[in-house]
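If you want the building blocks of each chain, they are given just below.
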Amino acid sequence: MHTKHTVTYICETYLSGNNYYFKKELITFDSWDNPESISWSTPRPISKQTFLKREKEGYKTLYKTNHKKPAEVITLHGESS
């Protein structure tokens, strides 16, 4: 179990209004005594309920806004199925 100092919870909001929730943890590939081996893990998806629960418990939370435009859907003409 990670402590409040080794985990961060993230709420990422997109222009569409959708929210996605993640957590990142500090991990080591060698030893905690070797600072060069310590890094943040890949963001892992979590539920909104978990995010809100951890925020209430005092864990570090970040709110990010993603300004990327949604993908454009194009139609390809002349393709046969």
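What counts, and where the lines are drawn
Chains are numbered independently. Their residues run from 1 in the order of the written sequence. For a predicted model such as this one, the threshold for reporting local features is a pLDDT of at least 70, and the threshold for listing and counting side-chain atom pairs is 80 or more; totals across whole chains, interfaces and linings nevertheless cover every residue. The side-chain values count all of the structure's non-hydrogen atoms but skip hydrogen atoms and water molecules. The definition of a nonpolar core used throughout is a set of buried Ala, Val, Leu, Ile, Met, Phe, Trp, Tyr and Cys residues joined through side-chain atoms within 4.5 Å. Residue exposure (1.4 Å probe, protein chains only): buried if accessible area is under 20% of the type maximum, exposed if over 50%, otherwise partly exposed. Numbering of helices and strands runs from the N terminus; a helix is a DSSP stretch of H or I covering at least four residues, while a strand is a stretch of E covering at least two. The aromatic pairing rule takes the rings of Phe, Tyr and Trp, using the six-membered ring of Trp, and pairs them if the centres are within 6.5 Å, calling planes under 30 degrees apart stacked, those over 60 edge-to-face and the rest tilted. Distance and angle both matter: a charge sits over a ring if NZ of Lys or CZ of Arg is within 6 Å of the ring centre and within 35 degrees of the ring normal. Under this definition, polar contacts are N or O atom pairs within 3.5 Å; protein pairs additionally need one hydrogen-donor-capable and one acceptor-capable atom, and for neighbouring residues in sequence, both atoms have to be side-chain atoms.

**A short note on the nonpolar core**
Reasoning step 1: One finds Val 7, Tyr 9, Cys 11, Tyr 21, Ile 46, Phe 51 and Tyr 59 forming the largest nonpolar core, which totals seven residues.
Reasoning step 2: A per-element tally of this core places strand 1 (residues 7-14) first, with three residues.

**A closer look at the packing of aromatic side chains**
Reasoning step 1: Going through the model one piece at a time under the given rule, you end up with four aromatic pairs.
Reasoning step 2: Aromatic pair Tyr 9 and Tyr 59: ring centres 5.6 Å apart, planes at 85°, arrangement edge-to-face. Taken as a pair, Tyr 9 in strand 1 and Tyr 59 in the loop between helix 1 (48-57) and strand 5 (60-66) lie far apart in primary sequence, 50 residues in all. The burial state of Tyr 9 is the same as that of Tyr 59; both residues are buried.
Reasoning step 3: Judged by centre distance (5.5 Å) and plane angle (90°), the ring pair of Tyr 14 and Tyr 20 falls under edge-to-face.
Reasoning step 4: Pairwise contacts between aromatic rings join Tyr 21, Phe 51 and Tyr 63 into one cluster.
Reasoning step 5: Directly above the aromatic system of Tyr 59 lies the positively charged group of Lys 4, at a separation of 5.9 Å from the ring centroid.
Reasoning step 6: For the cation-ring pair, Arg 54 lies above Tyr 59, with the distance from its terminal atom to the ring centre recorded as 5.8 Å.

**With respect to the side chain of Glu 25**
Reasoning step 1: Note that Glu 25 resides in strand 2 (residues 19-28).
Reasoning step 2: On the basis of relative accessible area, Glu 25 is assigned to the buried category, the value being 14%.
Reasoning step 3: A polar atom in the side chain of Glu 25 sits 3.1 Å from the side chain of Lys 23.

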